[in-house]
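Results of the structural survey
Chain by chain, the residues run as shown.
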Amino acid sequence: MGELYLHDLKPYMDKYGCNVFVETGTGVGTGVQHALRYPFEKLYTIEIMEELWKHCKKEIKDPRVEFINNNSLDGLEGILEKVKDEESVFFWLDAHFPGADFQFNDYDHLKDEPKLHKPLKNEVLLIKEARPNAKDVFIIDDLQIYEDGPFELLNQPFKDKYGELGIEFVTESYGESHDMKRDYRHQGFLILTPKDQD
């Protein structure tokens, strides 16, 4: 999840008023450390791997950050209960199975639990249900899992294992309320921003 450093978050904060940061997949803390460079009022980061969670909680001491040791769906559900409707959230969502970036698990890990093995669809649906009218911003990592494109860094074995899943669930949930932009740097990102309302 360290590829957040490729993005300047200030324009999203300035234009959309993002004051809360939510990350699925803390990893070694690179993403949340990048986000701490910006004046978010509150940051939540979810990590299912206990050793990574413990490491980051020990190393990153900013009181604005809440470290959550859980799967992304249960973690998000708890966060969404805390975030106020009027707040604008910057969501940084991972798109693959837990532990993939750090070889904690193989590709078949949690294969019998598809909600956790391929969590992105359920994450998107959960957020949409909890915040149907919110002016939130999303950057979804690992777009290459979901569709073809001129990606800068193609992880072919990873893509072959998943196959093309299709990203239409994002369009169905946010197509009317958000603009969508593809960024093909690294392994690809899908960026969702609220449509301008006149």
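Quick note: structure is the one above.
So, here is what we can say about the structure in this document. In this convention, every chain numbers its residues from 1, walking through the sequence in written order. The predicted nature of this model means local features are confined to residues of pLDDT at least 70 and side-chain atom pairs, given and counted, to a pLDDT of 80 or more, with totals for whole chains, interfaces and linings taken over all residues. Based on all heavy atoms of the structure, the side-chain values leave hydrogens and waters out of the count.

Considerations on the environment of Pro132
Under the convention used in this document: Only runs of H or I of at least four residues qualify as helices and only runs of E of at least two qualify as strands under DSSP, and these elements are numbered from the N terminus.
Checked against the element boundaries, Pro132 lands in the loop between α6 (120-130) and β5 (137-141). For the pair formed by Pro132 and Ser173, sequence separation is 41 residues and the distance between their alpha carbons is 9.1 Å.

Let's talk about the sheet that holds strand β6 (residues 178-183)
Rules: Strands were regarded as paired on the criterion that DSSP finds at least two bridges between them. Here the axes come from fitting lines to C-alpha atoms, over the contacting stretch only for helices, and the angles between their N-to-C directions go from 0 to 180 degrees. Residues count as neighbours in contact if any of their non-hydrogen atoms are within 4.5 Å of one another.
Across the sheet, seven strands lie side by side as β3-β2-β1-β4-β5-β7-β6; this open sheet has mixed pairing. Of all the strands in the sheet, the pair left with one neighbour each is β3 (65-69) and β6. Strand after strand, the sheet turns through a mean of 15° between neighbouring axes, direction not considered. For strand β4 (residues 88-93) and β5, the ladder comprises four bridges, and the chain directions are parallel. Note on β5: the bridge partner recorded for Trp92 is Ile139. The strands touched by α6 are β1 (18-24), β4 and β5; relative to β4, the strand with the most contacts, the crossing angle is about 170°.

Here's the deal with the environment of Tyr174
By the element assignment, Tyr174 lies in helix α8 (residues 168-174). Each C-alpha atom of the pair Tyr174 and Thr193 lies 9.4 Å from the other, and the pair is 19 residues apart in sequence.

Examining the side chain of Thr26
To keep things clear, this is the line we draw: Three exposure classes are used, based on accessible area relative to the maximum for each residue type with a 1.4 Å probe and protein chains only: buried under 20%, partly exposed in between, and exposed over 50%. Nitrogen and oxygen atoms within 3.5 Å of one another constitute a polar contact, given that in protein one can donate a hydrogen and the other can accept it, and given that sequence-neighbouring residues count only through two side-chain atoms.
Position of Thr26 relative to the elements: it lies in the loop between β1 and α2 (30-35). For Thr26, a relative accessible area of 3% puts it in the buried group. Within the structure, the side chain of Thr26 is placed 2.6 Å from the side chain of Thr45, a separation counted as a polar contact. The residues contacting Thr26, other than those within four sequence positions of it, are Thr45, Ile46, Glu47, Cys56 and Phe67.

Overview of the pattern of salt bridges
Side-chain pairs of opposite charge can arise where the charged atoms are in close proximity. Note the cut-off: A carboxyl oxygen of Asp or Glu within 4 Å of a side-chain nitrogen of Lys or Arg is what we treat as a salt bridge.
Enumeration over the complete set of coordinates arrives at nine salt bridges. Across the salt bridge formed by Glu50 and Lys54, the nearest N and O atoms sit 3.4 Å from each other. One end of the pair is Glu50 and the other is Lys54, both in helix α3 (residues 50-59) and four residues apart, which spans about a single turn. A salt bridge links Asp62 to Arg64; the shortest N-O distance between them is 3.1 Å. For Asp62, a relative accessible area of 24% translates into the label partly exposed. Salt bridges here are not isolated pairs; linked through shared partners, they connect Lys42, Glu66 and Lys82.

Looking at the pairing of strand β2 (residues 42-47)
As a reminder, the rule being used: By convention a crossover is right-handed if, when the strands point away from the viewer, the path from the first strand over the helix to the second runs clockwise.
A large share of β2 lies buried, amounting to five of its six residues. As paired strands, β1 and β2 are joined by five bridges and run parallel to one another. Bridge pairing in β2 places Thr24 opposite Ile46. Taking the sense of rotation as the criterion, the β-α-β connection linking β1, α2 and β2 turns out right-handed. Sheet analysis places β2 next to β3, joined by five bridges and oriented parallel. Paired with Ile46 across the strands is Ile68, a residue of β3. Where the polypeptide runs from β2 across α3 and back to β3, its parallel neighbour, the crossover connection is right-handed.

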